[in-house]
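Residue-level structural notes
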Amino acid sequence: MSKPGDDDDDTPGTRGELTPQPVRAVGAVASAVPVAVIGAGPAGLMAAETLAAAGQEVHVFDAMPSVGRKFLLAGIGGLNLTHSETLSVFQQRYGGRSAALAPLLNDFGPQALREWAAGLGVETFVGSTGRVFPHDMKAAPLLRAWLHRLRGQGVVFHMRHRWTGWAAEGGLMLSTPLGQVTLQARATVLALGGASWPRLGSDAAWWPWLEARGVALAPLRPSNCGFDVGWSEHFSSRFAGHPLKNVALQLGAWQQAGEAVVTATGVEGSLVYAASAALRDNIHEHGSATFRLDLLPGRDLAWVQRELAHPRGPRSLSTHLKTRLKLDGVKAGLLWEVVPRTAQADPAQLAAFIKALPITVTAPRPIAEAISSAGGVGFDAMDSGFMLSRLPGVFCAGEMLDWEAPTGGYLLTACMATGRAAGQGAAAWLDNSKG
Ligand SMILES: Cc1cc2nc3c(=O)[nH]c(=O)nc-3n(C[C@H](O)[C@H](O)[C@H](O)COP(=O)(O)OP(=O)(O)OC[C@H]3O[C@@H](n4cnc5c(N)ncnc54)[C@H](O)[C@@H]3O)c2cc1C
């Protein structure tokens, strides 16, 4: 299947579900616009909507040929927009940034996001895990309706316009199909994304330009990512791509049941992503991190011991595991990969490994492969309206800010909430600086 970013084509219909309504460049850019939103992902589009609703003339610029490529990619996984848990629990998912994001989520949280989607004609439902999805589990219809509304609000889109920093004499430098342009904007919202999946547009090229202006930045790190383990060739060639269904991951006091996936180099999948921030930070501190996998979370240790202790007669241990414990395939392969031979022969030790198999990860996968990134523009670098203290009139939103959260709809919700807050901040600043 083709993915957004695979080509340079913004012709409607050529990429099926992934192709949004076309948004074409409008030709030469005016040298001055009232408001420039740079980055047409969910954060930038929400900032544009908020500014336009406040009566501002908004111009959106994006380096890519079409808008919202990562948003469309999220649609391939069903577009988990938000989560249905209580707001107070929801707000805690942002860890160290919970307090900073709480007021924004009070203002535009999971329920408001669902109502906003409904306002675009996209009804949502709560899945069995509490995650919220559009009924059709697609991103393209929502994006199409959103762009239609934005254009109706007068928002002007300039695609294939790459921001390349600030000119020495001020102004936004843009590389456009018609050449270099320096653009004056009374207010600018930067919503440039993090550093994951750079071929979809968010390549973090902005980092040195903000750093040079003295903006406090936290290093960008992979978040919701896979990890390297260093499997044997035998194990990786047999089991790469195999899902580990119905397992529980335990890291310190933290435990969660779910599904992981064995990769050629290690592990990934939703359960691993949920532990990824802690695993990444442990690796950074200690060089490696070890979590434990419970291969039979529905059974207690005593049951596993009893089943293993059954006389197996002439049957092999593999057959014994399969018939008595229903452990085979990748789960059995993992046992043979990790459990020392001496322990394999001892039912008590083997039972303990089945309930808490140690997996040592040595490195997170590269940020380009991650679902999202941590780090970015520090909350201390901005005022309460998301304006950079070092750069009056410049606002920031979305994944380029220094927060992270697990998968579960928390990413899109915070991108939209910060986009809205930055849009409100920019609108208020423009009102106050009038005349
Ligand atoms: C495979 C995958 C699945 C995901 N699924 C989900 C999900 O189901 N639920 C969820 O909550 N989150 C999901 N996410 C995460 C979510 O998509 C992102 O967090 C979100 O898109 C970030 O929004 P953003 O607007 O901050 O940045 P982005 O969506 O990355 O948009 C940034 C925009 O800025 C543009 N840009 C960057 N630099 C420049 C420049 N110099 N000049 C001009 N334009 C520039 C880019 O082209 C891009 O269009 C998923 C991510 C991935 C990779």
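For the structure, check the block above.
The rules behind the values
- Residues numbered from 1 in each chain as written.
- Predicted model: local features only at pLDDT ≥ 70, side-chain atom pairs only at ≥ 80, totals over all residues.
- Heavy atoms only, no water.
- Axes fitted to C-alpha atoms, helices over the stretch in contact; angles between N-to-C directions.
- Helix = DSSP H or I, 4+ residues; strand = E, 2+ residues; numbered from the N terminus.
- Parallel < 35°, antiparallel > 145°, perpendicular 65-115°, else oblique.
- Left-handed = near helix turned anticlockwise from the far one by under 90°.
- Contact = heavy atoms within 4.5 Å.
- Phe/Tyr/Trp six-rings, centres within 6.5 Å; stacked < 30°, edge-to-face > 60°.
- Buried < 20%, exposed > 50% of the residue type's maximum accessible area, 1.4 Å probe, protein only.
- Pairing = 2+ DSSP bridges.
- Arc of directions from axis to C-beta.

Time to look at the packing of helix α1 (residues 42-53) against helix α6 (residues 140-152). For the pair α1 and α6, interaxial distance at closest approach is 10 Å and the crossing angle is 30°. In terms of orientation, α1 lies roughly parallel with respect to α6. Note that α1 runs across α6; the crossing there is left-handed. Listed contacts from α6 to P42, L45, M46, A48 and E49 of α1 are L143, W146, L147, R149 and L150.

Evaluated as defined, the whole model comprises 14 aromatic pairs. Here the aromatic rings of F395 and W429 are separated by 6.4 Å at their centres, their planes lie at 70°, and the arrangement is edge-to-face. Taken together, the positions of F395 in strand β19 (residues 394-396) and W429 in helix α16 (residues 410-432) put the pair 34 residues apart, joining distant regions of the chain. Classification of W429 by relative accessible area gives partly exposed; the value is 26%.

Hydrogen bonds along the backbone pair up the strands of a sheet, which may run parallel or antiparallel. What the seven strands build is an open sheet, ordered β16-β15-β12-β13-β14-β11-β17; its pairing is antiparallel. Edge positions in the sheet fall to β16 (357-361) and β17 (363-364), since each of these pairs with one other strand and no more.

Three or more residues of helix α5 (residues 110-119) are buried, namely P110, A112, L113, W116 and A117. One side of α5 carries all its buried residues, which in axial view fall inside an arc of 160°. Across from the buried face of α5, at angles greater than 90 degrees, the exposed residues are E115 and G119. In the segment just after α5, G121 is the residue with positive phi, at about 85°.

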